[in-house]
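Observations on the three-dimensional arrangement
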Amino acid sequence: NAGVTQTPKFQVLKTGQSMTLQCAQDMNHNSMYWYRQDPGMGLRLIYYSASEGTTDKGEVPNGYNVSRLNKREFSLRLESAAPSQTSVYFCASSAEGQGAGYFGPGTRLTVL
Amino acid sequence: EDKVVQSPLSLVVHEGDTVTLNCSYEVTNFRSLLWYKQEKKAPTFLFMLTSSGIEKKSGRLSSILDKKELSSILNITATQTGDSAIYLCAVLASGTYKYIFGTGTRLKVLA
């Protein structure tokens with residue numbers, strides 16, 4: 001099992017550009033999450049999907065959109081990147097949103 | 001508003017020392033508390049504590065949940081340089097799927 005995979009690992013964007021971060025899990029988990037991690041701020045929830053076909057806003061959703069494509073895949077889109085979105089982005093999944101969350105390796109995004 | 005606070009923010013110890021990391025929370029309808037270790041990359045799961053499982057131990061690491069005090073501690077005995085990491089605490093409330101994370105405790109273990 002690969003667990004949770006994310007692509008790309010690194011990305012540099014210019015202000016105003018768009019991009020999609022991809023996430024997939026092979027653990028048959030229902031719940032999936034997108035977090036961003038900034039120095040001194042811990043992990044902040046952007047969006048989550050409790051199950052296939054549903055998505056909900058987390059703590060910091062502005063500037064982002066998500067798609068739960070199927071049970072395995074949950075993507076995060078930045079429509080018009082801003083320097084404030086420079087961060088490390090982690091995707092995670094858990095069974096029924098109850099147990100331990102398992103994290104992907106992260107994407108380091110820099111917006112110039 | 002749900003909140004998780006960890007202390008201390010950072011800690012430097014020498015190999016062989018014992019450390020205690022703290023996590024306190026204010027969450028409506030608490031369900032579970034989780035501890036993670038984060039080295040250079042993604043957080044890795046350590047323990048999950050619930051009302052029915054308030055104490056967990058794995059090797060030199062142990063954790064206790066105090067539901068009365070709304071807090072948890074993570075103990076690491078006989079620390080090693082490989083324990084150097086950020087330790088994250090997260091809390092899950094009933095009826096939600098959202099894990100609320102603290103800002104973490106950065107532990108550095110010197111040889």
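Not measured: the values here are computed from a predicted model. Per-chain numbering applies: the sequence of each chain, read as written, is numbered from 1 onward. Written order determines the labels here, with chains lettered from A and ligands numbered from 1. The predicted nature of this model means local features are confined to residues of pLDDT at least 70 and side-chain atom pairs, given and counted, to a pLDDT of 80 or more, with totals for whole chains, interfaces and linings taken over all residues. Calculation of side-chain values draws on the structure's entire complement of heavy atoms; hydrogens and water are dropped beforehand.

In terms of helices and strands, chain B carries zero helices and 11 strands. Runs of H or I in DSSP of at least four residues are treated as helices and runs of E of at least two as strands, each being numbered from the N terminus. The order of helices and strands in chain B, counted from the N terminus, is β-β-β-β-β-β-β-β-β-β-β. Scaling as 2.2 N^0.38, a compact globule of 111 residues should have a C-alpha radius of gyration of about 13 Å, and chain B matches this with 13 Å. Relative accessibility under 20% of the residue-type maximum defines a buried residue, over 50% an exposed one, and the middle range a partly exposed one, all with a 1.4 Å probe and only protein chains included. Evaluated residue by residue, chain B yields a buried proportion of 44% over its 111 residues. Every residue pair with non-hydrogen atoms within 4.5 Å of one another is taken to be in contact. By sequence separation, contacts in chain B at least 24 residues apart represent 56% of the contacts at least 6 residues apart. Only C-alpha atoms enter the radius of gyration, while the globule expectation follows 2.2 Å times N to the 0.38, with N the number of residues.

This paragraph deals with the interface of chain B and chain A. Taken residue by residue, the interface counts 19 residues in chain B and 23 residues in chain A. Put simply, buried area is how much 1.4 Å-probe accessible surface two parts lose in total, over both of them, once they are put together. Carbon and sulfur atoms make up 61% of the area that chain B and chain A hide from each other, which totals about 1,600 Å². A pairing counts as a salt bridge when a side-chain nitrogen of Lys or Arg comes within 4 Å of a carboxyl oxygen of Asp or Glu. Linking chain B to chain A there are zero salt bridges. Polar contact is the term for a pair of N or O atoms within 3.5 Å; when the atoms are in protein, one must be able to donate a hydrogen and the other to accept it, and sequence-neighboring residues count only if both atoms are side-chain atoms. Inspection of the region where chain B meets chain A yields four residue pairs in polar contact (both at pLDDT 80 or more). Elements supplying a minimum of two residues to the side of chain B that touches chain A: strand 4 (30-38), strand 5 (44-50), strand 9 (85-93) and strand 10 (99-101) of chain B. At five residues, strand 4 of chain B tops the list of elements feeding residues into the side of chain B that touches chain A.

This brings us to the side chain of S94 of chain A. All names here are of chain A. Within the secondary structure layout, S94 lies in strand 9 (residues 87-94). Its relative accessible area of 0% is what places S94 among the buried residues. For S94, the side chain forms a polar contact with the side chain of Y33, separated by 3.2 Å.

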